[in-house]
Amino acid sequence: MIEIIQRGPKAIKTCPKCGCKFSFEKNDVRINRYEYTGSQTYYISCPQCNATLDIYLNIFKNRVGDS
Ligand SMILES: [Zn+2]
C-alpha cells in the first residue's frame, strides 16, 4: 500500500476564468488584510490571465491526518 508521508510543497489550482491549471507554492500566496476587521484573506494571481483567485492556506497542510 502506498501512503503519502508528507505532501509536496506545491499546490495545484485551476483558474475558473481562463481554465489554466497551475502549480504554486506558499511563497506565491499574497495576503489581503482588512484594516477594519483585522481579518485577512489569501489570494494568488493566475499566471495566464492575472485574475485574482482566493485560496485557503490549509491547502498546504503537511501532515497526513491533519484536518
Ligand atoms: Zn486565469
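Note: the structure precedes this text.
Now for a look at the structure at hand. Owing to the predicted nature of the structure, the values given are computational and were not obtained by experimental measurement.

What counts as what
- Residues numbered from 1 in each chain as written.
- Predicted model: local features only at pLDDT ≥ 70, side-chain atom pairs only at ≥ 80, totals over all residues.
- Helix = DSSP H or I, 4+ residues; strand = E, 2+ residues; numbered from the N terminus.
- Buried ≥ 20, exposed ≤ 12 C-beta atoms within 10 Å, placed from the backbone.
- Contact = placed C-beta atoms within 7 Å.
- Pairing = 2+ DSSP bridges.
- Axes fitted to C-alpha atoms, helices over the stretch in contact; angles between N-to-C directions.

**A few points about the overall build of the protein chain**
Argument step 1. If you tally the helices and strands in the protein chain, you get zero helices and five strands.
Argument step 2. When the helices and strands of the protein chain are placed in sequence order, the string is β-β-β-β-β.
Argument step 3. Every one of the 67 residues in the protein chain was classed for burial, and the buried ones make up 1%.
Argument step 4. The contacts of the protein chain with a sequence gap of at least 6 include a subset with a gap of at least 24, amounting to 40%.

**A word on the sheet that holds strand S3 (residues 30-33)**
Argument step 1. Taking strand neighbours across the sheet as the criterion, the three strands line up as S3-S4-S5 in an open arrangement whose pairing is antiparallel. The open sheet is flanked by S3 and strand S5 (52-55), the only strands paired with a single partner. Within the sheet, the average angular offset between the axes of one strand and its neighbour, ignoring direction, is 45 degrees.
Argument step 2. In this structure, strand S4 (residues 40-45) lies alongside S5, joined through four bridges in antiparallel fashion. Bridge assignment links serine 45 to a residue of S5, and that residue is threonine 52.

**Some remarks on the environment of threonine 14**
Argument step 1. Summarising the element assignment, threonine 14 is placed in strand S1 (residues 11-14).
Argument step 2. Each C-alpha atom, one on threonine 14 and one on leucine 53, is 9.5 Å from the other, the two residues being 39 residues apart in sequence.
Argument step 3. Dropping the residues within four chain positions of it, threonine 14 is found in contact with Gly19 and Lys21.

**Things to note about the environment of glycine 8**
Argument step 1. Here glycine 8 shows up in the segment before S1.
Argument step 2. Given 10 C-beta atoms within a 10 Å radius, glycine 8 is considered exposed.
Argument step 3. Sequence separation of glycine 8 and glutamate 25 is 17 residues, and the distance between their C-alpha atoms is 9.4 Å.

**Some details on the pairing of S3**
Argument step 1. Taken together, the four bridges between S3 and S4 define a ladder with antiparallel strand orientation. Residue pairing in the sheet places asparagine 32 in a bridge with threonine 41 of S4.
Argument step 2. The hairpin turn running from S3 into S4, its antiparallel successor, is six residues long, and glycine 38 in that turn takes a positive phi close to 80 degrees.

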